[in-house]
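Each chain is listed here by its residues.
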Amino acid sequence: MNLKDKVCIITGAASGIGHGIAARFIADGAKVVIADLKLDAAQATADALTAKGPGKAIAVEMNVTDESQVNAGVATVVKQWGKIDVLVSNAGIQIVHPMQDFPFNEWKKLLSIHLDGAFLTTKACLPHMYKAGSGSIIFMGSVHSKEASPLKSAYVTAKHGLLGLARVISKEGAAHGVRANVICPGFVKTPLVEKQIPEQARDLGISEKEVVDKVMLGDTVDQEFTTIEDVAEIAHVFAAFPTNALTGQSLVVSHGWYMN
Ligand code: NAD
């Protein structure tokens, strides 16, 4: 199972987990599309990863909530590389507030990036995958696809929603060789998580150390963060797995925070 010459679009790949998945795929010879909000950051990532090889990367400016930008980005990829084998819908943000204080516009913004983003990118890629008779779609879920935490009403709702969307795509895509799966990481130290530590300390009235030790790692088996490399390894399995035997699934990688 390898990704040599497979064309893989990864959203939110200029930073954090998406960047790590791009690095893992390129190390395996893939042709990777770094799709992110800002072209300069995406281009810098694509250049740095291409220099390492053996695969290569191009950058595409893509706000995943903007249908025309998503469609234009996917069209650019197909024009340049002729096909799409893998979509990793990874772009995401976090916003935390107690439910009664959650601004409606922030709720809509978060749901749009996670859910509209998954919908629009999948919708744009599917015709090309159906034409080829194969494809792998991977959604970046979370332990919060299975669990809930205070302050995260929008995030937990969005991440649960991705499970349903992946299951429908699995059923519709099966006849065309298209699989859909969800990765559910525990806490990974990325800019998204670094930002939450002081915010949660403020909202929960505890210290930043307590946020890390109790809220983030308190239920793990060994008080360790999941790493970007751990998540990238799971993404590689879902991307490279060749048949419908592995579809409609969600895999938790969280140091045992959530067990099912
Ligand atoms: P990050 O902030 O490091 O990276 C997110 C990337 O998404 C950034 O490059 C950002 O520019 C991009 N992005 C944001 N909005 C976008 C938009 N509208 N269109 C295109 N790109 C956009 O965060 P991360 O921790 O790497 O998170 C990546 C994914 O992993 C998210 O879906 C997140 O919910 C999920 N996740 C993260 C953790 C964690 O602990 N870090 C745990 C579970 C799941």
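See the structure above.
Residues numbered from 1 in each chain as written. Predicted model: local features only at pLDDT ≥ 70, side-chain atom pairs only at ≥ 80, totals over all residues. Heavy atoms only, no water.

Undergrad: Which residues make up the overall build of the protein, and what values go with them?
TA: Each helix and strand in the protein was counted, giving eight helices and seven strands. Against the globule reference of 18 Å for 260 residues, the protein gives a C-alpha radius of gyration of 18 Å, in line with a compact fold. Principal axes of the C-alpha set define a box for the protein whose edges measure 55 × 40 × 35 Å. Of all intrachain contacts in the protein linking residues separated by at least 6 positions in sequence, the fraction that spans at least 24 positions is 72%. Accessible surface for the protein amounts to roughly 11,400 Å². Of this, 55% is attributable to carbon and sulfur atoms. Within the protein, the 26 negative side-chain charges are centred at a point lying 7 Å from the centre of the 24 positive side-chain charges. (Helix = DSSP H or I, 4+ residues; strand = E, 2+ residues; numbered from the N terminus. Rg over C-alpha atoms; globule rule 2.2 N^0.38 Å. Contact = heavy atoms within 4.5 Å. Areas by Shrake-Rupley, 256 points an atom, 1.4 Å probe, with all protein chains shown as cover. Lys, Arg positive; Asp, Glu negative; His and termini not counted. Charge placed at Lys NZ, Arg CZ, Asp CG, Glu CD.)

Undergrad: Help me get a handle on the pattern of salt bridges, residues and values and all.
TA: Following the criterion strictly, the structure yields seven salt bridges and no others. For Asp-85, the salt bridge identified is with Lys-83, shortest N-O distance 3.1 Å. Note on Lys-83: relative accessible area 32%, which makes it partly exposed. Between Lys-195 and Glu-199 there is a salt bridge, and its shortest N-O distance comes to 3.2 Å. Taken together, the residues span about one helical turn, with Lys-195 and Glu-199 both in helix H6 (residues 191-204) at a distance of four residues. On the accessibility criterion, Lys-195 (44% relative accessible area) is partly exposed. Under the relative-accessibility criterion, Glu-199 is labelled buried at 18%. (Salt bridge = Lys/Arg side-chain N within 4 Å of Asp/Glu carboxyl O. Buried < 20%, exposed > 50% of the residue type's maximum accessible area, 1.4 Å probe, protein only.)

Undergrad: Help me get a handle on helix H5 (residues 153-173), residues and values and all.
TA: An ideal rise of 1.5 Å per residue puts 30 Å on 21 residues; H5 measures up with 30 Å between its terminal C-alpha atoms. For H5, every residue scored as buried is listed here: Ser-153, Ala-154, Tyr-155, Val-156, Ala-158, Lys-159, Leu-162, Leu-163, Ala-166, Ile-169, Ser-170 and Gly-173. (Expected span 1.5 Å × (residues − 1).)

Undergrad: Give me the site of the ligand: which residues, what numbers.
TA: In the neighbourhood of the ligand, 27 residues make up the surrounding shell, with Ser-15, Asp-36, Tyr-155, Val-188 and Thr-190 lying closest. At a separation of 2.8 Å, an oxygen atom of the ligand approaches a polar backbone atom of Ile-17. Burial of the ligand by the protein chains amounts to 91% of its free accessible area of 830 Å². Those elements giving two or more residues to the shell around the ligand turn out to be helix H1 (16-27), helix H4 (104-132), H5 and H6. A per-element tally of the shell around the ligand places H6 first, with three residues. When its residues are assigned to classes, the shell around the ligand shows 14 nonpolar, eleven polar and two charged. (Near = heavy atom within 4 Å. Polar contact = N/O pair within 3.5 Å; in protein donor to acceptor, adjacent residues only side chain to side chain. Nonpolar A, V, L, I, M, F, W, Y, C, P; charged D, E, K, R; others polar.)

Undergrad: Outline unusual backbone geometry, listing residues and values.
TA: In the segment running from Gly-53 into Pro-54, the intervening peptide bond is cis, with an omega of 0 degrees. Tracing the backbone shows Pro-54 in the loop between helix H2 (39-52) and strand S3 (56-61). Unusually for a residue other than glycine, Asp-5 sits at a positive phi of about 65 degrees. Relative to the helices and strands, Asp-5 is located in the segment before strand S1 (7-11). Taking the relative accessible area as the measure of exposure, Asp-5 reaches 38% and is therefore partly exposed.

Coordinates in, geometry out; function isn't part of it.
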